[in-house]
Amino acid sequence: MLDISVIILTYNEEKHIRRCIKNVISFAKEVFIIDSFSTDKTLEIAKEYDKVKILQNKWENNHAKQFNWGLKHAPITTEWVLRLDADEYLLPELIQELREKLPSLAPDITGVLFNRRYIFMD
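My aim in this report is to walk through the structure given alongside it, one point at a time. (Residues numbered from 1 in each chain as written. Predicted model: local features only at pLDDT ≥ 70, side-chain atom pairs only at ≥ 80, totals over all residues. Heavy atoms only, no water.)

## Concerning the overall build of the protein chain
Part 1 of the argument: Tallying secondary structure elements over the protein chain gives four helices and four strands in all.
Part 2 of the argument: Reading the helices (α) and strands (β) of the protein chain from amino to carboxyl end gives β-α-β-α-β-α-β-α.
Part 3 of the argument: Projected onto its principal axes, the C-alpha coordinates of the protein chain cover approximately 40 × 35 × 30 Å.
Part 4 of the argument: Residue burial in the protein chain is summarised as follows: out of 122 residues, 39% are buried.
Part 5 of the argument: Restricting to contacts in the protein chain with at least 6 residues of sequence separation, those with at least 24 account for 67%.
Part 6 of the argument: In the form shown here, the protein chain has an accessible surface area of approximately 8,000 Å², with 51% of it arising from carbon and sulfur atoms.
Part 7 of the argument: The positive charge centre, built from 17 side chains, and the negative charge centre, built from 19, are 2 Å apart in the protein chain. (Helix = DSSP H or I, 4+ residues; strand = E, 2+ residues; numbered from the N terminus. Buried < 20%, exposed > 50% of the residue type's maximum accessible area, 1.4 Å probe, protein only. Contact = heavy atoms within 4.5 Å. Areas by Shrake-Rupley, 256 points an atom, 1.4 Å probe, with all protein chains shown as cover. Lys, Arg positive; Asp, Glu negative; His and termini not counted. Charge placed at Lys NZ, Arg CZ, Asp CG, Glu CD.)

Below is the structure:
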């Protein structure tokens, strides 16, 4: 496992959440769902995974605010944090690159940018 926590912001994401969780539990030490009081099966699905911790916070129409709330309230113990939406996931090549490079980064590096592939409407 990498020394990384993943924060996933959710609201009614039953369609996507399983894929996202399965993807990140393959490499992350901790997975936190910051849910905006979903009314579908999002939380029911998330609870199937022991590694996932769920916190809820009222949505205030601001992704950054919700993410920062998660950073403040989630009991994060890892050096690194990755933020994802429930409909996002990492390709195997990126996971492998993280496994190879993240542990060897110098202690003064505080952030990492990586290429992302966006697929919209198929």
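## A few points about helix α1 (residues 17-24)
Part 1 of the argument: Where α1 is concerned, the buried positions are Ile17, Cys20, Ile21, Asn23 and Val24. Buried positions in α1, seen along its axis, are confined to an arc of 160° and lie on one side of it.
Part 2 of the argument: Buried residues along α1 sit against β1 (2-10), β2 (28-35), α2 (42-46), β3 (52-56), β4 (80-85) and α4 (92-101). (Arc of directions from axis to C-beta.)

## Some words on α4
Each α-helix winds once per 3.6 residues, and so residues spaced three or four apart point in a common direction.
Part 1 of the argument: Among all positions in α4, only Leu94, Ile95 and Leu98 are buried. Within α4, the buried residues cover an arc of 100° as seen down the axis, which keeps them to one side. Those residues of α4 that are exposed and aimed more than 90 degrees away from the buried face are Pro92, Glu93 and Glu100.
Part 2 of the argument: Residues of α4 that are buried make contact with β1 and α1.

## A few points about unusual backbone geometry
Part 1 of the argument: With phi around 50°, Asn12 is a residue other than glycine that occupies positive phi space.
Part 2 of the argument: With respect to the element layout, Asn12 can be found in the loop between β1 and α1.
Part 3 of the argument: Positive phi, close to 60°, is recorded for Asn61, a residue that is not glycine.
Part 4 of the argument: Relative accessible area serves as the criterion here: at 66%, Asn61 is assigned to the exposed category.

## Overview of the environment of Gly111
Part 1 of the argument: With respect to the element layout, Gly111 can be found in the segment after α4.
Part 2 of the argument: With a relative accessible area of 46%, Gly111 lands in the partly exposed category.

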